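Summary of structural features
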Amino acid sequence: MGEHKFISRIKRWSLDGMAALVTGGHEHAIVEELAGFGAIIHTYSRNQTELNECLQEWQLKGFKVTGSVNNAAVAVPKEALNTTAEDMSTLRSTNFESVFHLSKLAHPLLKASGNGIIVFISLVAGVTAAPLTPLYGPYNAFLCFPAASYITGQVICVVDGGMTVNGFNPTQN
């Protein structure tokens, strides 16, 4: 009985046979962690030279990783008041809608594998303000009132009146 539990634990912490599609694959830690647990990985990067160096390194380590150049992200380095609707459209279509389309295209392949995951890499500017990237994060005390200036170092992903905590009830006022 004890040996069965041990084997069961090993399987729970193994990615053998799983397929992983990792965008931003030049981020070594994620690819190497997944490959170290046995995943077969295809990764995307924006830089062919850097990708080739990584693929060589991973091959020497015995990891099953392939790669191609097809990763995109843009930043619009402007002050918030100088940002145009066209800037916002470019950012949204390149950085957000591409994630949706890639996931939709990859779904049949990952589903057919029986075990598949996608890991997306994004900028930290999505959760903290960075200079000249107002479209990614908040600018100063963003909740309208001076009292909001006391809210620092927090990630507020959803302001929803408690819906994510309490569940959605359309009859509730």
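Scroll up to find the structure.
The structure displayed is predicted, hence computed values, not measured ones.

Each value, and the rule that gives it
Residues numbered from 1 in each chain as written. Predicted model: local features only at pLDDT ≥ 70, side-chain atom pairs only at ≥ 80, totals over all residues. Heavy atoms only, no water. Helix = DSSP H or I, 4+ residues; strand = E, 2+ residues; numbered from the N terminus. Contact = heavy atoms within 4.5 Å. Pairing = 2+ DSSP bridges. Right-handed = clockwise from strand over helix to strand, strands pointing away. Salt bridge = Lys/Arg side-chain N within 4 Å of Asp/Glu carboxyl O. Buried < 20%, exposed > 50% of the residue type's maximum accessible area, 1.4 Å probe, protein only.

Observations concerning the overall build of the chain
Within the chain one finds five helices and four strands. Listing every helix and strand of the chain by position from the N terminus yields α-β-α-β-α-β-α-β-α. Counting only contacts in the chain whose residues sit at least 6 apart along the sequence, the fraction spanning at least 24 positions is 49%.

Points about the pairing of strand β2 (residues 40-45)
Relative to β2, strand β1 (residues 19-23) runs parallel, the two being bridged by five bridges. When the sheet's bridge partners are listed, Thr-23 is paired in β2 with Tyr-44. Pairing of β2 with strand β3 (residues 65-69), which is carried by five bridges, proceeds in the parallel orientation. The residue bridging Ile-41 from the neighbouring strand is Val-65, located in β3. Note that the unit made of β2, helix α3 (residues 48-60) and β3 has a crossover that is right-handed.

Let's talk about the pattern of salt bridges
Opposite charge on two side chains allows them to pair when their charged atoms are near. Summed over all chains, the structure comprises four salt bridges. Among the salt bridges present, the one from Lys-61 reaches Glu-32, with a minimum N-O distance of 3.2 Å. Here Lys-61, found in the loop between α3 and β3, pairs with Glu-32, found in helix α2 (residues 28-36); they are 29 residues apart in sequence, far enough to count as distant. For Glu-57, the salt bridge identified is with Lys-61, shortest N-O distance 3.5 Å. Residue Lys-61 is classed as partly exposed on the basis of its relative accessible area of 42%.

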